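A look at the structure
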Amino acid sequence: MSLVSEMAALSRRRLLAGAAGLAGGLIVVRDASAQAVQPGAHQQVLDKAVGGKKAQPGKVKIRMPEIAENGNTVPMTVSVESPMTASDHVKAVHVVTDNNPRPEVGSFYFTPANGKAEVSTRIRLSQTMNVIAYAEMSDGSVWSSRAEAKVTIGGCGG
Amino acid sequence: MSTARIRLPATAKKGEAIEIKTLVTHTMESGQRRDAQNNVIPRKILNKFVCTYNGKEVFRAEMAPAISANPYMAFFVTATESGTLDFVWTDDDGSTIKESAKITVT
């Protein structure tokens, strides 16, 4: 994203902050019938995925729209800083959300043959929430990042 | 019936990391939705995706219901030799969707 568009997005976010607050009331009503979200469930999933290792912030970058109009299909790109050589590469990236009915999004397994540790996909978000990614490196270290997406129309509709 | 589409450059320079974009049609029924009679619609998703390059696994993904319908997946592979890339998606019911693409490395 260029600097100019980044700045434009920032001011747009300020403008829309009020509108998002209003929409929040509607989303809560809708969620009363949905499956309850277990707090901390996403952390359990991550801990299990990396075998309980501690994650340090950094190296991982999540690119998502700050405001996702349609929660059914939110584009997401996760990239990890790594030379991707046989001795130093990303082994896996685990992605979870903290407010979907189920926290898991996906696990992506890389090899040095990828040349670049980056994956793009489209995900479902039932409401505004954080997306958290853990990257497991070949040396055993774990790095993490999080990003928030504001969702105006949830992605769990029936 | 599901169909898969793959997009990658037909030719690449040796050592270049090329982007491979994949798109497959599938409802990815999350198991969270209810039908008109308020019964839960059972989960049915593609839960696994594997890409092999000349028979060797280079990229794999495990997918949860939070992956959108018609899963899109883009990733990189370093072009090392001419050959075939094979793509396999596995459904919850055990069936698979397969697609392959050729690449010429110069």
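First, a word on scope: everything that follows refers to the structure included in this document. These numbers come from a predicted model, not from an experiment.

Check the secondary structure of chain B and you find zero helices and eight strands. For chain B, the sequential pattern of α-helices and β-strands runs β-β-β-β-β-β-β-β. Residues classed as buried in chain B amount to 43% of the 106 residues present. Partitioning the contacts of chain B with sequence separation of at least 6, the portion at a separation of at least 24 is 56%. Working note: accessible area of chain B is about 5400 Å², and carbon and sulfur atoms make up 49% of it.

Going through the model one piece at a time under the given rule, you end up with six aromatic pairs over all chains. Judged by centre distance (4.9 Å) and plane angle (35 degrees), the ring pair of B:F49 and B:W89 falls under tilted. On the criterion of sequence distance, the pair formed by B:F49 in strand β4 (residues 46-53) and B:W89 in strand β7 (residues 83-91) is long-range, its members being 40 residues apart. Residue B:F49 shares its accessibility class with B:W89, and that shared class is buried. Arranged with centres 4.3 Å apart and planes meeting at 10 degrees, the rings of B:F59 and B:F75 form a pair that is stacked. With a gap of 16 residues between them, B:F59 in strand β5 (residues 56-63) and B:F75 in strand β6 (residues 72-78) connect regions that are remote in the sequence. The same class applies to B:F59 as to B:F75, namely buried. Ring pairs connect the aromatic residues A:F110, B:F49, B:F59, B:F75, B:F87 and B:W89, which therefore count as one cluster. Across the ring face of B:Y72, the terminal group of A:R122 is positioned such that the distance to the ring centre comes to 4.6 Å.

Residues and elements named next belong to chain B. Summed over the entire model, instances satisfying the criterion amount to nine salt bridges over all chains. For R43, the salt bridge goes to D92, with nearest N and O atoms at 2.9 Å. Of the two residues, R43 is situated in the loop between β3 (17-24) and β4 and D92 in the loop between β7 and β8 (96-105); the sequence distance between them amounts to 49 residues. We classify R43 as partly exposed; its relative accessible area is 42%.

Time to look at the interface of chain A and chain B. On the side of chain B, 27 residues touch chain A, which itself brings 30 residues to the contact. The contact between chain A and chain B buries some 2300 Å² in all, and 49% of this surface belongs to carbon and sulfur atoms. When the buried surface of chain A facing chain B is broken down by residue, A:Y109, A:R122 and A:R124 rank first, second and third, together holding 29% of it. The interface formed by chain A and chain B holds zero salt bridges in total. At the boundary of chain A with chain B, the tally comes to 19 residue pairs in polar contact (both at pLDDT 80 or more). Secondary structure elements with two or more residues in the side of chain A that touches chain B: β6 (104-109) and β7 (117-123) of chain A. In the side of chain A that touches chain B, the residues fall into 11 nonpolar, 13 polar and six charged. The pairing of β7(A) with β6(B) spans three bridges and is antiparallel.

Residue and element names in this part refer to chain A. Every buried residue of helix α2 (residues 41-49) is listed here: A41, H42 and L46. Across the axial projection of α2, the buried residues extend over an arc of 140 degrees, all falling on one side. Turned more than 90 degrees off the buried face of α2, the exposed positions are Q44 and K48. Directly beyond the C-terminal end of α2, a positive phi value near 65 degrees is found at G51.

Another aspect to go through is the environment of B:K44. Residue and element names in this part refer to chain B. Checked against the element boundaries, K44 lands in the loop between β3 and β4. Since its relative accessible area comes to 35%, K44 is described here as partly exposed. Between the C-alpha atom of K44 and that of G31, which follows or precedes it by 13 residues, the distance is 7.2 Å. Setting aside anything within four residues of it in sequence, one finds K44 in contact with H26, M28, E29, D91, D92 and D93. There is a polar contact of 2.8 Å between the side chain of K44 and the side chain of D91.

Quick look at the environment of A:I123 now. Structurally, the position occupied by A:I123 is in strand β7. Apart from residues no more than four positions distant in its own chain, A:I123 is found in contact with A:M64, A:G71, A:N72, A:T73, A:V74, A:M76, A:V105, A:V131, B:A66, B:I67 and B:S68.

Another aspect to go through is the sheet that holds β6(B). The antiparallel open sheet is built from six strands, whose spatial order is β2(A)-β4(A)-β7(A)-β6(B)-β3(B)-β1(B). Two strands in the sheet have a free side with no partner beyond their single neighbour: β2 (60-63) of chain A together with β1 (4-7) of chain B. Neighbour-to-neighbour, the strand axes of this sheet turn through a mean angle of 15 degrees, independent of strand direction. Here strand β4 (residues 74-80) of chain A runs beside β7(A); their pairing, made up of seven bridges, is antiparallel. Note on β7(A): the bridge partner recorded for A:S79 is A:E118.

The rules we used
- Residues numbered from 1 in each chain as written.
- Chains lettered and ligands numbered in written order.
- Predicted model: local features only at pLDDT ≥ 70, side-chain atom pairs only at ≥ 80, totals over all residues.
- Heavy atoms only, no water.
- Helix = DSSP H or I, 4+ residues; strand = E, 2+ residues; numbered from the N terminus.
- Buried < 20%, exposed > 50% of the residue type's maximum accessible area, 1.4 Å probe, protein only.
- Contact = heavy atoms within 4.5 Å.
- Areas by Shrake-Rupley, 256 points an atom, 1.4 Å probe, with all protein chains shown as cover.
- Phe/Tyr/Trp six-rings, centres within 6.5 Å; stacked < 30°, edge-to-face > 60°.
- Lys NZ or Arg CZ within 6 Å of the ring centre and 35° of its normal.
- Salt bridge = Lys/Arg side-chain N within 4 Å of Asp/Glu carboxyl O.
- Buried area = accessible area lost by both parts, 1.4 Å probe.
- Polar contact = N/O pair within 3.5 Å; in protein donor to acceptor, adjacent residues only side chain to side chain.
- Nonpolar A, V, L, I, M, F, W, Y, C, P; charged D, E, K, R; others polar.
- Pairing = 2+ DSSP bridges.
- Arc of directions from axis to C-beta.
- Axes fitted to C-alpha atoms, helices over the stretch in contact; angles between N-to-C directions.

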